[in-house]
Amino acid sequence: MSKSTISSRIVHYGELRPCKTAFIDAHTPGSDQKENFTIVGGGVSESPDQHVHITDKVGFNIGAAGQPPKCRNSLHSHTTAEVFFVAKGRWRFFWGRYGTAGEFIAEEGDIFNIPTGIFRGFENVGQDYGMIMSILGGDDAGGGVTWAPQVIEDAQAHGLMLGDNGVLYDSKKGQELPDNVRPMPLLTEEQLKGYPEVPVEEVVGKYVARYWDLMALSANKPAQVIGENGMIMDKPGFEVDFLGRGSSVTEPVVAEKPVVLMPASGHWRVSIDDQETTLSNGDTALVLSGESYSVQPSMTGQAGLYRITATDDPAGATWTG
């Protein structure tokens with residue numbers, strides 16, 4: 001594998017290219033400053049302006065959301081997994097029809113596997129620009145986003161229309177729905193009954209893992225975070241584990257399935273088929289099947305890394321055992 005080919009599958013935080021018009025709430029006050037990043041795969045952006053850094057299809061998508069303080073992402077739902085870990089800042093996650101069923105605060109390094117089929121949103125409650133990294137199940141990320149009805153109505157009031165083809169049209173740019181495209185229909189009250197109001201103890205108790213716990217658990221071996229036998233039990237088409245200094249991959253191993261490496265803290269030296277690079281918080285590297293890789297801290301101090309590995313499990317609803 002050539003060095004240039006491998007380097008094309010390494011994306012550093014400072015190289016990320018944002019899209020500010022990715023979703024229907026791009027003009028809605030309170031949500032109009034958010035930035036969307038698609039790192040691996042097609043993602044779920046509704047905008048043709050979205051840049052995709054790595055187009056390989058590996059069974060899941062990697063992306064990110066960047067937001068200044070007090071900026072929020074509006075209530076929406078997915079049919080496949082949506083996993084976030086906090087790369088920078090402090091974030092409030094909330095869920096339910098109106099976002100009032102429950103909420104919690106996530107700090108840097110914390111990870112949240114949001115149950116499918118519930119409305120969810122998130123807000124930067126830190127003091128500076130924040131970033132959360134995402135893993136979305138399936139090559140097509142479940143076919144896109146389902147918005148709470150009030151989000152679509154608010155967006156229309158500020159000039160953005162979502163067609164039933166999943167594409168955004170901006171009246172502020174003189175755009176109109178094409179003749180063969182109708183507005184995305186709002187969910188009916190009967191349909192909304194299928195989106196549960198999950199109590200906070202069910203979500204935080206089963207779907208959240210905290211960074212400092214993972215650092216302790218990964219002292220001697222990788223901590224299984226998301227998987228059939230993980231701290232968060234789910235089979236979303238990928239597994240997530242957490243590596244610390246004492247559980248890093250010091251000798252090269254061959255990837256049987258695609259692997260994505262994403263540091264949560266520290267600096268990590270990554271070798272892919274003998275091509276080396278250094279990753280830190282916010283960076284992403286994709287290792288394809290058949291390639292050998294190693295990953296270990298390159299400096300002293302705190303170091304933690306999320307490793308996402310594709311599985312043969314189909315992307316779908318949250319697995320309950």
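Note that the structure is predicted; figures quoted are calculated from it, not measured. (Residues numbered from 1 in each chain as written. Predicted model: local features only at pLDDT ≥ 70, side-chain atom pairs only at ≥ 80, totals over all residues. Heavy atoms only, no water.)

If you tally the helices and strands in the protein, you get 5 helices and 25 strands. The C-alpha radius of gyration of the protein comes to 19 Å, within 12% of the 20 Å expected for a compact globule of 321 residues. Counting only C-alpha atoms, the protein reaches 55 × 45 × 40 Å along its principal axes. Here the protein, with 321 residues, has 54% of them falling under the buried criterion. (Helix = DSSP H or I, 4+ residues; strand = E, 2+ residues; numbered from the N terminus. Rg over C-alpha atoms; globule rule 2.2 N^0.38 Å. Buried < 20%, exposed > 50% of the residue type's maximum accessible area, 1.4 Å probe, protein only.)

This next bit is on the side chain of S134. Of note, S134 is situated in strand β11 (residues 130-137). If sequence neighbours within four positions are ignored, S134 has contacts with N61, I62, G63, A64, V83 and F84. (Contact = heavy atoms within 4.5 Å.)

Now for helix α2 (residues 149-157). Along α2, the positions that sit buried rather than exposed are P149, Q150, V151, I152 and A155. Taken from the residues just after α2, G159 is the one with a positive phi, measuring 95°.

As enumerated under the stated definition, the model contains 14 salt bridges in all. Across the pair R72 and E123 runs a salt bridge, and its minimum N-O distance is 3.7 Å. In this pair, R72 sits in strand β5 (residues 72-77) while E123 sits in strand β10 (residues 120-124), placing the two residues 51 residues apart along the sequence. Exposure remark for R72: the relative accessible area of 33% places this residue in the partly exposed category. (Salt bridge = Lys/Arg side-chain N within 4 Å of Asp/Glu carboxyl O.)

The backbone of K70 sits at a positive phi, close to 70°, despite the residue not being glycine. Topologically, K70 is positioned in the loop between β4 (60-67) and β5. Given the relative accessible area of 71%, K70 is considered exposed. In this structure, A141 is a non-glycine residue whose phi angle is positive, near 50°. Examined against the element boundaries, A141 turns out to sit in the loop between β11 and β12 (146-147).

In space, the 5 strands of this open sheet follow the order β8-β7-β10-β5-β12, with antiparallel pairing throughout. This sheet does not close on itself; its edge strands, each paired only once, are β8 (102-106) and β12. Relative to β10, strand β7 (residues 91-95) is paired through 5 bridges, and the arrangement is antiparallel. Residue pairing for β10: F93 is matched across the bridge by F122. (Pairing = 2+ DSSP bridges.)

We now examine the packing of aromatic side chains. Inspection of the entire model under this criterion finds 16 aromatic pairs. An angle of 35° between the planes, with centres 4.6 Å apart, marks the rings of F85 and Y306 as tilted. Of this pair, F85 sits in strand β6 (residues 82-88) while Y306 sits in strand β25 (residues 304-310), placing them 221 residues apart in sequence. As far as burial versus exposure is concerned, F85 and Y306 are alike and both buried. Taken together, a centroid distance of 5.3 Å and an interplanar angle of 80° make the contact between F93 and F112 edge-to-face. With F93 in strand β7 and F112 in strand β9 (residues 111-114), this pair connects stretches of sequence that are 19 residues apart. No difference in accessibility class separates F93 from F112, as the two residues are buried. Each residue in the set F84, W91, F93, W95, F104, F112 and F122 is aromatic and connected to the rest through ring pairs, giving one cluster. Lying across the ring of Y13, K88 places its NZ or CZ 4.7 Å from the centre. (Phe/Tyr/Trp six-rings, centres within 6.5 Å; stacked < 30°, edge-to-face > 60°. Lys NZ or Arg CZ within 6 Å of the ring centre and 35° of its normal.)

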